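The chain contents come next:
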Amino acid sequence: MKRYIVIFMLCAYCAALWAQDGLAINALFDGRFKQSPTATEILVDGGKARAIGLDIYRSLTVTDMAQGKAIEQNVTHDGARAKSKEVEYRGGRLYYGFYELGLVRPVKTEKQARYRYVFYLNQSLANKTPQNRVTLIYMESKHGPEKIKQLIKK
Amino acid sequence: MMKQFALAMAVMAMMGAHAQTITAPDTVRVINNPSQVVITEKDGEVTLNVMGDGQNKDYNYQYRIKHGDNDLVSTTQREGHDLEFNFPFKKGNDSVDNKKPHAQLFTSDIYIGWGGHSIGPGLNGIVAGGHREFGVLNFLSVGYVFNRNRTRLSLGSGIGYSTYSLKNRYFWERTDEGILGIYSIDGVDYDKHSATLSVVNIQFPLMFNQSLGRKWDVAVAGVMNWNCYASVNNSYRIDHDNHHIGINGLHQRKISFDALGMISFRGIAAYVRYSPQSLFKGGCGPELKNSWTIGLSIRGRFW
């Protein structure tokens with residue numbers, strides 16, 4: 001009996017670790033904001049995305065700050081494991097974040113490599129013209145972070 | 001058995017909590033309400049000094065990072081500039097604001113047109129010549145957009161320039177009574193000649209514009225013209241010498257009305273203008289009408 005309990009505990013622990021391979025922000029794009037009047041969701045892939053050097057583009061903009069808080073939590077959760085990040089906090093809250101999350105999947109050659117990036121911006125923390133708007137952008141691309149930043153950052 | 005099970009559950013709970021802390025943000029220290037924060041950097045060493053923490057004014061915390069020769073360090077110093085994102089894929093071309101009814105000030109409709117004109121009963125077909133016009137129909141106009149389909153009603157002001165030429169061998173003249181007339185120059189051997197009436201007008205279009213999809217627009221307008229200036233010019237050449245005879249101070253109709261219809265594709269429009277009124281009132285000049293004019297226009301807001 002003891003043996004089975006130990007095995008069960010180990011399996012549960014491993015399952016917890018395995019679940020963390022997925023991103024927390026993936027859950028935000030599962031369609032929960034489709035009917036929300038305070039959210040705008042844009043999903044682009046295929047030819048239109050490839051035209052600007054992306055494989056996948058997903059953006060979510062919400063004007064409900066409760067939804068924004070949930071986005072912030074998911075972003076900081078994924079951001080903790082980022083390969084590199086550029087963040088700015090204001091008043092203890094995440095104002096801006098750019099995260100490189102690494103490869104989408106392991107590859108054999110560099111040509112096959114696709115990288116994951118996340119942008120986050122909470123405009124309610126802006127100094128000049130704050131507005132209730134939180135934006136999350138997730139992208140997959142073969143390009144490096146500098147090119148991705150040029151695409152998004154004004 | 002039950003004791004063992006309870007112990008196992010407790011251990012599992014602790015492991016779950018431990019799994020959570022592995023992914024917790026990489027926080028070094030949280031200090032609430034510091035009195036003063038001083039950051040110094042020297043010889044590759046960065047020191048952060050925090051004095052006071054809101055509850056204890058004597059509180060002092062120091063954090064030091066030293067980098068060696070082979071370290072690759074990137075630091076970003078922000079002074080609180082606000083950021084904005086550029087969205088490569090926007091839902092529709094219009095921003096949310098443009099979908100709501102709103103007023104707008106605009107300059108639009110640079111046009112050029114051609115037509116024929118008729119002159120007086122009896123002279124039509126003999127002297128009637130070409131008509132040309134160009135100008136800006138909405139030089140400064142104010143419009144109200146009703147809805148996201150971009151239905152717009154506007155009232156504005158524009159400026160236009162029109163010319164009417166006589167064909168065959170006719171010149172303009174002003175009689176002793178000050179009335180503009182036409183006379184034949186048959187029998188005179190000019191190398192080259194032309195007779196042109198020019199009119200400058202200020203236009204006031206009341207226009208209704210409807211978008212059809214993202215590329216097409218149709219518009220109809222009633223235009224009031226203030227014909228503020230008119231002149232004629234007879235030009236001729238004899239023995240390689242050019243001569244011009246100009247006549248100003250014509251008694252043209254000051255206010256006239258046109259109807260205009262326009263259809264555009266991606267900002268390039270074709271228009272038709274109908275001008276039923278004679279340029280001169282009875283007794284002031286010939287009955288000169290340019291009835292129908294067709295032309296091209298560049299639409300869109302120029303600012």
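The rules we used
Position numbers for residues start from 1 in each chain and track the written sequence from start to end. The lettering of chains begins at A and the numbering of ligands begins at 1, in the order of writing. Residues qualify for local features only when their pLDDT is at least 70, as the model is predicted, and side-chain atom pairs are given and counted only at 80 or more; totals for whole chains, interfaces and linings, by contrast, use all residues. In computing side-chain properties, one takes all heavy atoms of the structure into account and sets aside hydrogens as well as water. Numbering goes from the N terminus for both helices and strands, where a helix is a DSSP run of H or I of at least four residues and a strand is a run of E of at least two. For every residue, the accessible area (1.4 Å probe, protein chains only) is compared with the maximum for its type, and the residue is labelled buried under 20%, exposed over 50%, or partly exposed between those bounds. By definition in these notes, contact holds between two residues if any of their heavy atoms fall within 4.5 Å. Here a strand pair is declared whenever DSSP counts at least two bridges between the two strands. Helix axes are fitted only over the stretch in contact, all axes being lines through C-alpha atoms; the angle between N-to-C directions runs from 0 to 180 degrees. Pairs were defined over the aromatic rings of Phe, Tyr and Trp, the Trp ring being its six-membered one, requiring ring centres within 6.5 Å. Orientation was assigned from the angle between planes: stacked under 30 degrees, edge-to-face over 60, tilted for the rest. Here, a charge over a ring is recorded when the distance from Lys NZ or Arg CZ to the ring centre is within 6 Å and its angle to the ring normal is within 35 degrees. Salt bridge, as applied in this entry: a Lys or Arg side-chain nitrogen positioned within 4 Å of an Asp or Glu carboxyl oxygen.

1. Some remarks on the overall build of chain A
Thought 1: What chain A contains, in helices and strands, is four helices and six strands.
Thought 2: Its helices and strands in sequence order give chain A the pattern α-β-α-β-α-β-β-β-β-α, from N to C terminus.
Thought 3: Put simply, chain A has 154 residues, and 44% of those count as buried.
Thought 4: Looking at chain A alone, contacts between residues at least 24 apart form 52% of all its contacts between residues at least 6 apart.

2. Examining the sheet that holds strand β3 (residues 84–90) of chain A
Residues and elements named next belong to chain A.
Thought 1: With respect to topology, six strands assemble into an open sheet ordered β1-β2-β6-β5-β4-β3, the strand pairing being antiparallel. Because the sheet does not close on itself, it has two edges, and the strands there are β1 (39–45) and β3. Adjacent strand axes in the sheet meet at a mean angle of 5° when their direction is disregarded.
Thought 2: Two elements, strand β2 (residues 54–62) and strand β6 (residues 134–141), share eight bridges in a ladder whose sense is antiparallel. Considered in β6, the bridge of V62 is made with V134.
Thought 3: Sheet contacts for helix α3 (residues 65–79): β2, β3, β4 (93–103), β5 (115–122) and β6; angle to β4, the most-contacted strand, approximately 40°.

3. Description of the packing of aromatic side chains
Thought 1: Under the defined criterion, the tally for this structure stands at twelve aromatic pairs over all chains.
Thought 2: A ring pair is formed by B:W216 and B:F265, whose centres lie 4.8 Å apart and whose planes are at 50°; its orientation type is tilted. Residue B:W216 is located in strand β11 (residues 216–238), and its partner B:F265 is located in strand β13 (residues 255–265); the two are separated by 49 residues in the primary sequence.
Thought 3: Relative accessible area serves as the criterion here: at 42%, B:W216 is assigned to the partly exposed category.
Thought 4: Overall, B:F265 belongs to the partly exposed group, its relative accessible area being 35%.
Thought 5: Taken together, the aromatic side chains of A:Y96, A:F98, A:Y117, A:F119 and B:F85 make up a single cluster linked through ring pairs.
Thought 6: Its end group placed over the ring of A:Y95, A:R90 keeps NZ or CZ at 3.8 Å from the ring centre.
Thought 7: The cationic tip of B:R273 hangs over the ring face of B:Y111; the distance from NZ or CZ to the ring centre is 5.4 Å.

4. Considering the environment of B:G44
Thought 1: Note that B:G44 resides in the loop between β1 (36–42) and β2 (45–51).
Thought 2: Sequence separation between B:G44 and B:I65 is 21 residues, and the spatial gap between their C-alpha atoms is 8.3 Å.

5. Quick look at the pattern of salt bridges
Thought 1: Under the criterion given, the structure shown has ten salt bridges over all chains.
Thought 2: As a salt-bridge pair, A:R114 and A:D55 come within 2.6 Å of each other at their nearest N and O atoms. Highlighted residues: A:R114 in the loop between β4 and β5 and A:D55 in strand β2, separated in sequence by 59 residues.
Thought 3: Judged by its relative accessible area of 23%, A:R114 falls in the partly exposed class.
Thought 4: Since its relative accessible area comes to 25%, A:D55 is described here as partly exposed.
Thought 5: Across the salt bridge formed by B:R299 and B:D109, the nearest N and O atoms sit 2.5 Å from each other. With B:R299 in the segment after β16 (291–298) and B:D109 in strand β4 (residues 102–116), the pair connects residues that are 190 residues apart, well separated along the chain.
Thought 6: Taking relative accessible area as the criterion, B:R299 reaches 8% and is therefore assigned buried.
Thought 7: The buried category is assigned to B:D109, whose relative accessible area is 0%.
Thought 8: One continuous salt-bridge network, built from bridges that share partners, spans A:E86, A:E146 and A:K149.

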